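In case you want the letters, here they are:
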Amino acid sequence: MKIRSSEITSEYTYLSRRKFITNTTKLMLGTVLASSCSDSDITTNTQSQIDNVSNSIDSLPDKLTTYESITNYNNFYEFTTDKERVSILSQDLVISPWTIRVGGLVKNPRTFDVDDLIKIFDQEERIYRLRCVEGWSMVIPWQGFPLRKLLDLVEPTMDARYVRFETLYDPNQMPGQKSNWYEWPYVEGLRIDEAVNDLTLIATGIYGKQLLPQNGAPLRLVVPWKYGFKSIKSIVRIDLVAKQPESLWMKAAPREYGFYANVNPKVNHPRWSQRTERRIGELQRRNTLMFNGYEEEVADLYANLDMTTNF
Ligand SMILES: Nc1nc2c(c(=O)[nH]1)N[C@H]1C(S)=C(S)[C@@H](COP(=O)(O)O)O[C@H]1N2
Ligand SMILES: [Mo]
């Protein structure tokens, strides 16, 4: 009788091994492409600030969004729902010292100081599209490390099937948390195979500079094929869990926001079309791409999922 390797190792171990192989292949491809795509003036003079940036695995022909726009047009409801005021209201967030606890269904639960964590892993550059469910998008040159590397350190057990993320809860520093429109803290989740996918990043910076509070300093998730709200900011806690986590948005508007939230131009939001998007810095709207343009990398994760809904 044939035994699938997923039955004799944990799902986690199985998936990470598989993903490691694709990772190596793409890294090689990235080295060739990366040289043609750095058209930003900020990149040139700040690149030296990070000593160990490897080449992007996902270089894009799209023009980068300016540092100015990325850091001044933000969604971070813990501060305000006004995108142009997040950068002002978040300036005093204390981002150092900062600890992050990684636990739940793992063999080695650990609490990391963020400064140590950043030293453990090489920082890679990844240029990704970010598509907000509201219908705007950006192209952001992140630095960070694959979430998979962090999960490897804590060794998820056989029962771990999902990853749950939580943002800092501190209404004194985050005035938006005084509103009870939402159930704080902000929570998000991924299926474990999504979490170990090559594209899934823990970001620590943008344009070669440390992340600013408005972008989710000191550590935020980036899942480029999903709507932006999945990319949870200012994470203090990551837990491996058995059941699908319920996110803040699923609780706030269960008929509008599902768990998967994969970018899909064919599935409209109940209140607006998702067929096109406004790229910040451009005049014409663009067509929204399936999985935000990452179909090749992620479509096989959803072979058994109904793609006519977003839930
Ligand atoms: N904790 C937290 N994370 C969050 C949000 C938020 O309000 N709180 N907004 C999300 C949404 S809707 C988007 S589009 C992105 C925006 O990221 P950016 O401001 O860095 O572009 O962050 C996501 N992560
Ligand atoms: Mo968003």
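Given the structure is predicted, the values throughout are model-derived calculations rather than measurements. (Residues numbered from 1 in each chain as written. Chains lettered and ligands numbered in written order. Predicted model: local features only at pLDDT ≥ 70, side-chain atom pairs only at ≥ 80, totals over all residues. Heavy atoms only, no water.)

Novice: Is there a simple way to explain the overall build of the chain in this structure?
Specialist: Of the regular secondary structure elements, the chain holds ten helices and 13 strands. Of all 311 residues assigned to the chain, the portion counted as buried reaches 56%. Across the chain, every contact between residues at least 6 apart in sequence was considered, and the portion connecting residues at least 24 apart equals 73%. Total accessible area on the chain is roughly 14700 Å²; 52% of this is exposed by carbon and sulfur atoms. (Helix = DSSP H or I, 4+ residues; strand = E, 2+ residues; numbered from the N terminus. Buried < 20%, exposed > 50% of the residue type's maximum accessible area, 1.4 Å probe, protein only. Contact = heavy atoms within 4.5 Å. Areas by Shrake-Rupley, 256 points an atom, 1.4 Å probe, with all protein chains shown as cover.)

Novice: Looking at this structure, how should I read the environment of Val133?
Specialist: The topology assignment puts Val133 in the loop between β4 (123-131) and β5 (136-146). When the C-alpha atoms of Val133 and Lys230 are compared, they prove to be 9.9 Å apart, with 97 residues separating the residues in sequence.

Novice: What's the story with the side chain of Asn197 in this structure? I'm lost.
Specialist: Examined against the element boundaries, Asn197 turns out to sit in the loop between α8 (192-195) and β8 (201-206). Among the polar contacts made by the side chain of Asn197, one reaches the main-chain amide nitrogen of Leu199 at a distance of 2.9 Å. (Polar contact = N/O pair within 3.5 Å; in protein donor to acceptor, adjacent residues only side chain to side chain.)

Novice: Got a minute to help me understand the site of ligand 1 in this structure?
Specialist: Taken together, 17 residues form the shell around ligand 1, and within it Tyr77, Glu78, Thr167, Ser231 and Lys233 come nearest. Between ligand 1 and the protein, one listed contact pairs a nitrogen atom with a side-chain N or O atom of Glu78 at 2.8 Å. Within the side chain of Lys233, a nitrogen or oxygen atom sits 2.7 Å from an oxygen atom of ligand 1. Protein burial of ligand 1: of its 540 Å² of free accessible surface, 98% is covered by the chains. Residue classes in the shell around ligand 1 are distributed as eight nonpolar, six polar and three charged. (Near = heavy atom within 4 Å. Nonpolar A, V, L, I, M, F, W, Y, C, P; charged D, E, K, R; others polar.)

Novice: For this particular structure, what's the right way to read helix α7 (residues 147-154)?
Specialist: Each α-helix turn comprises 3.6 residues. Residues three or four places apart therefore point the same way. Among the residues of α7, Leu147, Arg148, Leu150, Leu151 and Val154 are the ones counted as buried. Along α7, the residues classed as buried sweep out an arc of 160° about the axis, all on the same side. (Arc of directions from axis to C-beta.)

Novice: Would you mind showing me how to read the sheet that holds strand β11 (residues 235-241) here?
Specialist: Two pairing modes exist for strands in a sheet, parallel and antiparallel, and in both the strands are linked by backbone hydrogen bonds. Read from one edge to the other, the open sheet built from five strands follows the order β3-β2-β11-β6-β7, with strand pairing classed as mixed. The outermost strands of the open sheet, each flanked by one partner alone, are β3 (110-113) and β7 (187-191). Within the sheet, the average angular offset between the axes of one strand and its neighbour, ignoring direction, is 15°. Sheet topology note: the strand β6 (residues 162-167)/β11 ladder contains six bridges and is antiparallel. Its bridge partner being in β11, Thr167 is matched across the sheet by Ile235. Here α7 sits on the sheet in contact with β2 (99-104), β3, β6, β7 and β11, set at roughly 130° to β3. (Pairing = 2+ DSSP bridges. Axes fitted to C-alpha atoms, helices over the stretch in contact; angles between N-to-C directions.)

Novice: Got a minute to help me understand the confidence of the model for the chain in this structure?
Specialist: Detailed reading of the predicted coordinates is not advisable wherever pLDDT falls low. When pLDDT is averaged along the chain, the result is 87; 81% of the residues meet or exceed 70. Confidence drops under a pLDDT of 50 for residues 19-57, and excluding neighbours within four residues, the segment shows 59 contacts in the predicted structure. (pLDDT = per-residue confidence, 0-100.)

Novice: Would you mind showing me how to read the packing of aromatic side chains here?
Specialist: Aromatic rings in a pair are described by how distant their centres are and how their planes are angled relative to each other. Enumeration according to the criterion identifies 15 aromatic pairs in this entry. An angle of 65° between the planes, with centres 5.6 Å apart, marks the rings of Tyr77 and Tyr182 as edge-to-face. Pair noted here: Tyr77 is in the loop between α4 (67-70) and α5 (86-89) and Tyr182 is in the loop between β6 and β7, with a separation of 105 residues, a long-range link. Ring geometry for Phe291 and Tyr302: centres 5.5 Å apart, planes at 15°, overall stacked. Placement of the pair is Phe291 in the loop between β13 (285-287) and α10 (295-298) and Tyr302 in the segment after α10, with a sequence separation of eleven residues. Residue classification places Phe291 among the buried positions, given a relative accessible area of 3%. (Phe/Tyr/Trp six-rings, centres within 6.5 Å; stacked < 30°, edge-to-face > 60°.)

Novice: What am I meant to see in the pattern of salt bridges here?
Specialist: Close approach of charged atoms allows side chains of opposite charge to pair. Scanning all chains against the criterion turns up 18 salt bridges. Note that Arg131 and Glu277 form a salt bridge whose closest N and O atoms lie 3.1 Å from each other. Of the two residues, Arg131 sits in strand β4 while Glu277 sits in strand β12 (residues 276-279), which places them 146 residues apart along the sequence. Three or more residues joined by partner-sharing salt bridges are found here, namely Asp62, Arg129, Arg131, Glu277, Arg279, Glu282 and Arg286. (Salt bridge = Lys/Arg side-chain N within 4 Å of Asp/Glu carboxyl O.)

Novice: Hey, could you run me through the side chain of Thr200 in this one?
Specialist: Of note, Thr200 is situated in the loop between α8 and β8. At 2.7 Å, the side chain of Thr200 and the backbone oxygen of Glu194 are in polar contact. For Thr200, the residues in contact, after removing those within four places along its chain, are Pro146, Leu147, Leu190, Glu194, Ala195, Leu221, Val222 and Trp225.

Novice: Please explain the environment of Ile140 as it appears in this structure.
Specialist: With respect to the helices, strands and loops of the structure, Ile140 is situated in strand β5. According to the relative accessible area criterion, Ile140 is buried, its value standing at 2%. Taking the C-alpha atoms as reference points, Ile140 and Thr65, separated by 75 residues in sequence, lie 6.2 Å from one another. Apart from residues no more than four positions distant in its own chain, Ile140 is found in contact with Ile70, Arg126, Ile127, Tyr128, Leu130 and Ile206.

Novice: What's the story with the pairing of β12 in this structure? I'm lost.
Specialist: Where a strand is regular, its side chains alternate between the two sheet faces. Sheet analysis places β5 next to β12, joined by two bridges and oriented parallel. Bridging across to β12, Trp136 finds its partner in Arg278. Sheet topology note: the β12/β13 ladder contains three bridges and is antiparallel. Bridge pairing in β13 links Arg278 to Arg285. Between the antiparallel neighbours β12 and β13 lie five residues, among them Gly281 with a positive phi of about 100°.

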